[in-house]
Amino acid sequence: MLSQRALLRAAPRFVRTPAARTTVRSRFYSEVKLEGNADNAFNRERLAVKHHAAATSGLWRKLSIYMVIPALAIAGANAYKLWVEHWEHVAHAPPKSELPEYSYQNIRTKNFWYGTGDKTWFWNDKVNYHKNAPEE
């Protein structure tokens, strides 16, 4: 690591360089004019890209605020409406005890090591149903 003394000694050299002075100065002026050796095709292109980025960032900020946020609100309202309609539809279904149990549903070769041993971690009592086999 550099000591504090070395950093303080080197600081005036970095401030004196033209590149450092132009970057500091460009923050405070809206119009940057390239002069002398700095006026070349590479720097002009970089300046054009910088101006383009500044102009388009405003567009994307406005799109994010005025388009995306309302679109998310509308999509959320639609999802809530569909959720309510779905549960209203499920309420009219026959009771789960009357539904048939097919051979491919709820296959258990051995009990799960947790809980009652019959329900998985993803079991939802509102949706899933398992008829226990009658004990003979």
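With an unreviewed UniProt entry as reference, the chain is termed Cytochrome c oxidase subunit 13, mitochondrial, source organism Lophium mytilinum. Quoted verbatim from the Subcellular location (unreviewed entry) field of UniProt, the annotation for the chain is "Mitochondrion inner membrane". Of the chain, the UniProt comment under Sequence similarities (unreviewed entry) reads exactly: "Belongs to the cytochrome c oxidase subunit 6A family."

Trainee: Would you explain the packing of aromatic side chains in this entry?
Mentor: How two aromatic rings sit relative to each other is given by the distance of their centres and the angle of their planes. Summed over all chains, the structure comprises six aromatic pairs. Ring plane angle 25° and centroid distance 5.6 Å describe the contact between Phe112 and Tyr114, whose orientation is recorded as stacked. Owing to a relative accessible area of 29%, Phe112 belongs among the partly exposed residues under this scheme. Of the residues examined, Tyr114 reaches a relative accessible area of 17% and is grouped as buried. A centroid spacing of 6.4 Å and a plane angle of 80° characterise the contact between Trp113 and Trp121, whose relative ring orientation is edge-to-face. Under the relative-accessibility criterion, Trp113 is labelled exposed at 74%. In this structure Trp121 comes out as exposed when scored by relative accessible area, which is 62%. Joined through ring pairs, the aromatic side chains of Phe112, Trp113, Tyr114 and Trp121 make up one cluster.

Trainee: I keep staring at a nonpolar patch on the surface and nothing clicks. Help me out?
Mentor: A surface patch of nonpolar side chains, amounting to about 960 Å² of accessible area, comprises Leu59, Trp60, Leu63, Ile65, Tyr66, Met67, Val68, Ile69 and Leu72. Note on placement: Leu59 falls in helix α3 (residues 41–91).

Trainee: When you look at the pattern of salt bridges in this model, what are you seeing that I'm missing?
Mentor: Two side chains of opposite charge can pair, provided their charged atoms sit close to one another. Across all of its chains, the model carries three salt bridges by this definition. Glu85 is paired through a salt bridge with Lys81; the nearest N and O atoms lie 3.4 Å apart. With Glu85 and Lys81 both in helix α3 and four residues apart, this pair spans about one turn of that helix. Note that Asp125 and Lys119 form a salt bridge whose closest N and O atoms lie 3.3 Å from each other. Residue classification places Lys119 among the partly exposed positions, given a relative accessible area of 35%.

Trainee: Just to check I follow, could you spell out the confidence of the model for the chain for this structure?
Mentor: In low-pLDDT regions, the fine details of the predicted coordinates are not to be read closely. When pLDDT is averaged along the chain, the result is 79; 76% of the residues meet or exceed 70. The weakest mean pLDDT in the chain belongs to helix α2 (residues 18–28) at 52; the strongest belongs to α3 at 93.

Trainee: Looking at this structure, how should I read α3?
Mentor: Count 3.6 residues to each turn of an α-helix, and residues three or four apart come out pointing the same way. For α3, built from 51 residues, the straight-helix expectation of 75 Å at 1.5 Å per residue is met to within 8% by its first-to-last C-alpha distance of 71 Å. The largest bend along α3 reaches roughly 35° and is located at Ser64.

Thresholds, definitions, all that
Residues numbered from 1 in each chain as written. Predicted model: local features only at pLDDT ≥ 70, side-chain atom pairs only at ≥ 80, totals over all residues. Heavy atoms only, no water. UniProt positions renumbered as here; feature names shortened; annotations may be inferred. Phe/Tyr/Trp six-rings, centres within 6.5 Å; stacked < 30°, edge-to-face > 60°. Buried < 20%, exposed > 50% of the residue type's maximum accessible area, 1.4 Å probe, protein only. Patch = residues over 30% accessible without salt bridge, like charges linked within 9 Å, V, L, I, M, F, W, Y side chains within 5 Å. Areas by Shrake-Rupley, 256 points an atom, 1.4 Å probe, with all protein chains shown as cover. Salt bridge = Lys/Arg side-chain N within 4 Å of Asp/Glu carboxyl O. Helix = DSSP H or I, 4+ residues; strand = E, 2+ residues; numbered from the N terminus. pLDDT = per-residue confidence, 0-100. Expected span 1.5 Å × (residues − 1). Bend = angle between axes of the 7 residues up to and from the residue.

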